[in-house]
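Architecture and fold: a report
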Number of protein chains: 2
Amino acid sequence: MARAADEQVIFQPMGRRAEIQPGQNLLQLAQSAGVGIEAPCGGKGLCGKCLVRPEGPVTQPTAAEKALLDAEADKGLRLACQCAMPQGGAVWVPPESRSGRQVILTSGTSGELELDQAVRAYQVRVPPASLENPETAQGRLFSALAQAAGDGLAAPPELPFNLLRSLPGLLAQGGDLSLSLRQGREIVDLTPASQGLPLGLAVDLGTTTVVAYLCDLDSGELLAVSSEMNPQVPYGDDVIARMSLCVSEPQGLALLSRAAVECVNHLAADACAQAGADPGRILECLMVGNSAMHHIFLALEPASLAMAPYAPVVRGPVEVKARQAGLALGREAWLHWLPLKAGFVGADIVAAALAVGADNIDEPTLLLDLGTNGEMVLAAGGRMLACSTAAGPALEGGHIGQGMRGAPGAVERVFLEPGAVEPDLQVIGGEPAVGLCGSGLVSLISCLLEAGILLPTGGFGQQGGKGLVRSGEHGLEFVAALAKHTGHGRDLVLTSRDVSEVQLAKAAIRAGAEVLMSEMGVEHLSRVLLAGAFGNYLDPAEAARIGLFPPLPVEYIQGVGNAAGVGAVMALLSDRQRRRAQKLAQDMGYVELSGHGLFQELFVDSMAFPSEDA
Amino acid sequence: MARAADEQVIFQPMGRRAEIQPGQNLLQLAQSAGVGIEAPCGGKGLCGKCLVRPEGPVTQPTAAEKALLDAEADKGLRLACQCAMPQGGAVWVPPESRSGRQVILTSGTSGELELDQAVRAYQVRVPPASLENPETAQGRLFSALAQAAGDGLAAPPELPFNLLRSLPGLLAQGGDLSLSLRQGREIVDLTPASQGLPLGLAVDLGTTTVVAYLCDLDSGELLAVSSEMNPQVPYGDDVIARMSLCVSEPQGLALLSRAAVECVNHLAADACAQAGADPGRILECLMVGNSAMHHIFLALEPASLAMAPYAPVVRGPVEVKARQAGLALGREAWLHWLPLKAGFVGADIVAAALAVGADNIDEPTLLLDLGTNGEMVLAAGGRMLACSTAAGPALEGGHIGQGMRGAPGAVERVFLEPGAVEPDLQVIGGEPAVGLCGSGLVSLISCLLEAGILLPTGGFGQQGGKGLVRSGEHGLEFVAALAKHTGHGRDLVLTSRDVSEVQLAKAAIRAGAEVLMSEMGVEHLSRVLLAGAFGNYLDPAEAARIGLFPPLPVEYIQGVGNAAGVGAVMALLSDRQRRRAQKLAQDMGYVELSGHGLFQELFVDSMAFPSEDA
């Protein structure tokens, strides 16, 4: 039977979920889910700032709410600190209640984001020319800016041609202007003083999902998040397929590049619509993504990434006017891509390493980004070493008979009580199951190993499960749900071949981790950080159970959410963090695993699952 | 009777003329006209380099030519040092005979042009990536450049996004590239090594005429010159009319800007066609022109130039990617406009001052650019002071009853022998006269003053001319040619009103010059340099006769040709000269004449023509 999903609260528009805990109010649940809600009074029902709109059964309004809310109560608003949802449901967090700096899921890496903005706004008053001051329009603007910016101004600043052209018209409307200055040396925006402050956009361009974070560059506040499927997916699930298209089709690169650029434009427009803002006010865009996404987005021929020695066209941070890359943001906005480390260790890993502070970690810590390629960084004593394993898509549900992405209908967690007739499935969206996503797959295999139904070799044993192992088209298979309980009217099964795919993937990752440990002389891991959406939904104990990484106590394994996205926002809001990311990428070592003797050996050794008493 | 123009030699394609001197060969005539012809042997008939193609009667080939020319003689080629044209005619100077650095008319300011190019080309070999050298494509390019450029390279250079995009494709064709580097820090061109060297374009954007000079940036050689009428002329003869259009019509500025930009594109294409080159190889463009032409070309709202305090939008050198200004040159070419000094002292004056070395002149020297506005610089003891007089267009033939530009049919010089029945007219193109251009007008007035037909007050006297002064529609008028001798079938006359226009213009110029002298404490001029095409055709003695400037011996008055064009080419070929121009513009003082008390006083005093014995 599918376990109902309504024992969770889902916070929107972030889409973050929290399991209901008896006695916890919505503010506490939000905090546990990494959703930042303003609560200056500390959740005492005094300030009235933590307004949310619950959708579902709620506890009765408290005296504090009655005193503070009055008419607002009519609109369905509640104070998060005074309200609980005993049966779960959805909660809309209006923009004005969101706390700007902590709303991104950063479990384990939270804290204030540092502000050292590339772009800063100044309000200036430019006097008209007179016989006493017959200075040029540009000269008067620069003088006004020098007064306003003081030491923050390189002398003289650059004024892009298009802004110079707009200057006489702006001055004719009056001399009060809002001016945005980038890195103390280039004016990137000039508007009448009434037009708002500069915005920034951080984008995590994933192979599968693209996420955009819209921030107020002045306060650092996160205004909106928007995400959608990478529109390149129909052209190929993984980066290899997409790079092949670029190499084989004359217009392939242009096509895929345009798709990604349009996607970012669309996300920018959507995030701005949420925040009631104009995309033309976005004056800085920071992007991260793997090397293939980086090259394809920038329309850089990715052929060299696809063959040894996998050399990128460019590695160091790419800075280009956003419009040159096709982005429809502010006319003079810049796009900054964080640097790549290598062909298969991209800006997303650099950003994740930045988010977890890998350059500052002492105890041996493995940062693992699980995707089609299992990219990882081992950090210890301030040193960092990275590698990428061609783990394949099994851990994302790819190449699995009934695998699927983490979408409604996907089994995300499996519970198998000793002696149970069939497993209990937790399905995304609470719907009947139609497939297994990565975390469900790991959960299922973990349960089967625990129950002895699956043997350490990867073969099916005979004990337990009461006949749930049967002979199928491709050898033995385990029936996770019968057709009558599924959403597609077929039995949901895990085949021997599926198990082999998972074995190959986890062996690659574990062997990669052990190569890094060997190269750095590390014997035991103190911590494993699982990055990316999948890493976040993976149960640490189950991941350990299938032997995904070298053994360590389960309490030292933790999800760190979308660390790449957090790193991107950090770098969006701070030039210091950009420089730090660049240094981090330079200082990070890299091990190429293809043709690496030790890797081959460890890979074979890692195929088996750990035995129960391991 | 029109004096035949065939006692001159006209060198093409430069269009420079020289009066035939007995015994002078074509090489000597070319030198006197400022036309540079290669002659490494010094004109001894030994090297065979000074090939030209005379069109008209020539002297017989010499023994030296017979020895050197052989088959070439068949094509009509001669050695300039061995050939004369006793009756004048045209001489085509083929590109291979032109000496690159002296072909522009720079009388009095000649000399080698300094080479210190903004853009320099390097040949580089970029190795493929290998397991031993898995560096990025960009990294390998930079390493190869560092080897080739040595100290000339800022580390690291900038590689524009579009060139970065082209890099993988170029490297796939082989690693031998030609790379052009600007100011040691930005790569502005990448091509296969077989593609030629970088070209540069210097443009003098005059109110009436636009001239473009195409140079080989490597050698400094002038490859071609192309000029045409400013296509803005139909929208207004002078800058005031054009600025008014920009202010009054919503699309006026865009229209005029586009016309000028298209004109430069057309000249670039034409010059390249002459030289057999591709406009895409032009990697640097340097422009000069007056402040109104500057603003309109760059589509900068010129309204502030047209009213007190006549403040430009921007003054300092404007550097912008040529494509952003609408120019169809190299994809990453830069456009550099020399700085303006003030609203009515533009980049053309700065360039002319550069060409004559005004920052280095000791004896009081007046540099005078005669056009609609008489702009002038007084230089003495290393100091410079500029002003602009609203002289009006009379000295260009404007606002004159039968005035015209210096085109075929225009009277350019007048000879009136004592007691002659009618004046002898020298007409451009040797055609029947149809009007008076500026130099013809000054020449005519000078003759009439000399003959006593015109009085110092500007009124017509009764002596001489035998009835050529008559009563016309607008008072007394002088008949310069009867209808039967003109090209338009009407009498060619100079009216009292025409004389008044010239008086107003010359009084403004002279008063401006005297204000500058007064401000700088200069009592006598040592030298007057007449810049611009008009200044060059003006006869110094005649200009002095009408009192155009304070008195000085006629031998110290000289035309300096298109000094603005020379300054533009100097700055195109040398970054040092650009910096010098910028410093010169900063160091130059400026006197605003509008509302200047002394100017008003001197202006009135200067209305009369000097009496014969002055």
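To be clear, the structure that these remarks concern was listed above.
Attention here is on the structure that accompanies the text. (Residues numbered from 1 in each chain as written. Chains lettered and ligands numbered in written order. Predicted model: local features only at pLDDT ≥ 70, side-chain atom pairs only at ≥ 80, totals over all residues. Heavy atoms only, no water.)

Section: the sheet that holds strand 9 (residues 186-192) of chain B
All names here are of chain B. Across the sheet, three strands lie side by side as 7-8-9; this open sheet has antiparallel pairing. With partners counted over all chains shown, the strands left at the sheet margins are strand 7 (119-125) and strand 9, one partner each. Adjacent strand axes in the sheet meet at a mean angle of 25° when their direction is disregarded. This element, helix 4 (residues 161-172), spans strand 8 (176-182) and strand 9 of the sheet and lies at about 30° to strand 9. (Pairing = 2+ DSSP bridges. Helix = DSSP H or I, 4+ residues; strand = E, 2+ residues; numbered from the N terminus. Axes fitted to C-alpha atoms, helices over the stretch in contact; angles between N-to-C directions. Contact = heavy atoms within 4.5 Å.)

Points about helix 8 (residues 347-355) of chain B
Residue and element names in this part refer to chain B. Extensive coverage of helix 8 is indicated by the burial of nine of its nine residues. Contacts made by the buried residues of helix 8 are with strand 13 (282-289), strand 15 (334-337), strand 16 (365-369), strand 17 (374-380), helix 13 (563-573) and helix 14 (575-587). Two residues or fewer after helix 8 comes glycine 357, characterised by a positive phi angle close to 65°. (Buried < 20%, exposed > 50% of the residue type's maximum accessible area, 1.4 Å probe, protein only.)

A closer look at the relation of the copies chain B and chain A
Take chain B, turn it by 180°, move it 0.1 Å along the axis, and it overlays chain A with an RMSD of 0.3 Å. Taken together, these values place the two copies in the relation of a two-fold axis. Relative to the rotation axis, the C-alpha of glutamine 324 of chain B is the closest in chain B, positioned 6.1 Å from it. Taken together, the interface assignments show that 100% of the residues at the interface of chain B recur at the interface of chain A, consistent with an identical surface on both copies. (Least-squares fit on C-alpha atoms with pLDDT ≥ 70 in both.)

Structural notes on unusual backbone geometry
A cis geometry characterises the amide bond from alanine 308 of chain A onward to proline 309 of chain A, with omega recorded as 0°. Positionally, proline 309 of chain A belongs in the loop between helix 7 (291-297) and strand 14 (318-321). Backbone geometry places tyrosine 310 of chain B, a non-glycine residue, at a positive phi of 55°. Within the element layout of this structure, tyrosine 310 of chain B appears in the loop between helix 7 (291-297) and strand 14 (318-321). Note on tyrosine 310 of chain B: relative accessible area 21%, which makes it partly exposed.

Considering the sheet that holds strand 27 (residues 589-590) of chain A
Residue and element names in this part refer to chain A. In spatial order, the strands read 26-25-16-17-18-27; together these six strands make up an open sheet with mixed pairing. Whereas interior strands pair on both sides, the edge strands pair on one side only; in this sheet they are strand 26 (557-559) and strand 27. In this structure, strand 25 (residues 527-531) lies alongside strand 26, joined through three bridges in parallel fashion. Of the residues in strand 26, the one forming a bridge with leucine 530 is glycine 559.

Let's talk about the nonpolar core
The tendency in soluble globular proteins is for nonpolar side chains to be buried side by side. Core analysis: the largest hydrophobic core is formed by 116 residues, its most contacted members being Phe297 and Leu335 of chain A together with Leu141, Ile187 and Leu190 of chain B. Apart from the residues within four sequence positions on either side, isoleucine 187 of chain B is in contact with Leu141, Phe142, Leu145, Pro157, Glu158, Leu159, Pro160, Leu163, Leu179, Ser180 and Leu181 of chain B. Ala271, Met287, Leu329 and Leu338 of chain B belong to the second-largest nonpolar core, a separate cluster that totals 112 residues. (Core = buried A, V, L, I, M, F, W, Y, C linked by side-chain atoms within 4.5 Å.)

Some remarks on the pattern of salt bridges
Residues and elements named next belong to chain A. Enumeration according to the criterion identifies 46 salt bridges over all chains in this entry. Between aspartate 189 and arginine 281 there is a salt bridge, with the nearest N and O atoms lying 2.6 Å from each other. In this pair, aspartate 189 is assigned in strand 9 (residues 186-192) and arginine 281 in the loop between helix 6 (252-275) and strand 13 (282-289), connecting sequence segments 92 residues apart. Per residue, the accessibility class of aspartate 189 equals that of arginine 281, and both read buried. Residues glutamate 450 and arginine 545 are paired through a salt bridge, measuring 2.6 Å at the closest nitrogen-oxygen approach. Remark: arginine 545 occurs in helix 12 (residues 540-545) and glutamate 450 occurs in helix 9 (residues 438-450); sequence separation between them is 95 residues. A relative accessible area of 42% places glutamate 450 in the partly exposed class. Classification of arginine 545 by relative accessible area gives buried; the value is 12%. Each of Arg182, Glu284, Glu319, Asp575 and Arg578 takes part in salt bridges that share partners, so that together they form one network. (Salt bridge = Lys/Arg side-chain N within 4 Å of Asp/Glu carboxyl O.)

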